[in-house]
Each structure stands twice: as structure tokens, then as C-alpha cells.
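Residue-level structure breakdown
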Amino acid sequence: MSEKVLTHLDEQGRATMVDVSEKAISLRTATAQSIVSLPEEVLSQLENGDLKTQKGSVFQTAVIAGIMAAKKTGDLIPLCHPLGLDNCKIDIQLNDDNDVVINCTASITAKTGVEMEALVGASIAALTIYDMCKALSHDIVIKETKLIAKTGGKRDFKRS
């Protein structure tokens with residue numbers, strides 16, 4: 001079994017972008033999830049599965065912000081490759097605990113994966129929900145952001 005190494009460090013331990021020039025082009029997908037816990041004073045404002053504010057629909061604004069952020073991941077994370085995504089979808093639902101569950105799925109046909117794009121998209125959607133709801137309460141908690149699944153590249157991943 002080969003030893004795992006940090007791929008963003010060169011032989012001298014300096015930060016470096018991963019060289020993907022020899023990698024094969026393949027379909028790569030990734031889904032990430034962020035969960036936001038809203039206090040009762042925010043949840044009480046829900047109408048038809050969304051929050052309406054003077055700034056507009058909270059969840060629809062979060063979808064747009066997340067997609068925009070996913071497209072800018074290479075500008076935000078220093079060693080990420082700039083990628084032109086083939087697709088990015090964000091789904092926002094309430095779970096049984098009344099938490100807001102944000103799933104961001106990004107895809108591309110390329111030499112490198114889109115995990116970071118999916119993670120950034122889900123994260124920025126969560127932060128947008130916080131921003132748009134903070135006038136009602138600052139007791140909003142972004143509980144977690146995690147990779148759910150990825151396909152393509154050397155190995156696939158699916159969180160159990």
C-alpha cells in the first residue's frame with residue numbers, strides 16, 4: 001500500500017499547485033453538504049418552505065450565491081485550479097429537525113476534481129442564509145460542511 005502524502009507540497013515542503021498535466025480527462029462530480037440550524041424566531045418566518053425578506057427569497061438567493069462561489073473557487077482557495085464547471089446545482093431543504101440542509105453538486109469533464117467547488121458552493125450558500133437572516137437573530141449556527149460523495153479520478157468516495 002502506498003503512503004499518502006500532501007499533494008500541495010513539493011519535495012522541499014513548499015506550497016505548490018498540483019501538476020495535473022499527465023492526468024486523464026474524465027467526468028468528475030462531487031456533492032458537499034452544509035447544515036444550518038435556525039432558531040425559532042427565524043423558523044417562525046418560514047412560508048411555503050422559504051424565508052421572504054426585503055432582500056428577496058433567502059433560499060433562492062443562497063442558491064445563486066453558492067453557484068457563483070463554486071465558479072470562483074480557484075480565486076478563493078490559493079492552490080485550486082481555476083475550473084470552468086460543466087454544472088453546479090444547489091438544493092436546499094428542511095430536515096426533520098428543522099435544520100436547513102444545503103447540498104451542492106458540481107461536475108466537470110477535466111483532469112482534476114471538483115470537491116472544493118462543491119464545498120465552497122455549500123459553504124457560501126450557508127453563509128448567505130446567515131447573512132439574510134441575522135436581522136432576526138444571531139443565534140444561527142452553521143453546524144457542519146462535509147463532502148458527501150465524489151466520482152472520477154483515482155478513487156471514488158461516498159460517505160456512509
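Computed from a prediction, not measured in an experiment: that's the story for all the values here.

Residues Val 36, Leu 38, Ile 92, Val 100, Ile 102 and Ile 129 are the most contacted members of the largest nonpolar core, which totals 34 residues. If you list the elements that add at least two residues to this core, you get β1 (26-37), α1 (40-43), α2 (58-71), β5 (87-94), β6 (99-110) and α4 (115-133). In terms of residue count, α4 provides more of this core than any other element does, eight residues in total. Those residues within four positions of Ile 92 in sequence are excluded, and the remaining contacts are Phe 59, Ala 62, Val 63, Val 100, Val 101, Ile 102 and Ile 129.

Further remarks concern the sheet that holds strand β2 (residues 46-47). Here three strands make up an open sheet; going across it, the order is β2-β3-β4 and the pairing antiparallel. Pairing within the sheet leaves two strands with one partner each, and these edge strands are β2 and β4 (56-57). Pairing analysis gives two bridges linking strand β3 (residues 50-53) to β4, with the strands arranged antiparallel. In the strand pairing of β4, Thr 53 is matched with Gly 56. Sheet contacts for α2: β2, β3 and β4; angle to β3, the most-contacted strand, approximately 95°.

What counts, and at which threshold
Sequence positions are assigned chain by chain, starting from 1 and proceeding in written order. Thresholds applied to this predicted model are a pLDDT of at least 70 for local features of residues and 80 or more for the giving and counting of side-chain atom pairs; totals over whole chains, interfaces and linings are not thresholded and use all residues. Note: side-chain values were computed over all heavy atoms of the structure, leaving out hydrogens and water. Here the nonpolar core consists of buried residues drawn from Ala, Val, Leu, Ile, Met, Phe, Trp, Tyr and Cys, with membership extended through side-chain atoms lying within 4.5 Å. Type-normalised accessible area, obtained with a 1.4 Å probe on protein chains alone, sets the label of each residue: buried when under 20%, exposed when over 50%, and partly exposed for intermediate values. Only DSSP runs of H or I reaching four residues or more are called helices, and only runs of E reaching two or more are called strands; each is numbered from the N terminus. Any two residues having at least one pair of non-hydrogen atoms within 4.5 Å are treated as being in contact. The rule for pairing is simple: two strands pair if DSSP sees at least two bridges between them. Think of each axis as a best-fit line through the C-alpha atoms, taken over the contacting stretch in the case of a helix, with angles from 0 to 180 degrees between the N-to-C directions.

As far as function goes, none of this settles anything; it's purely spatial.
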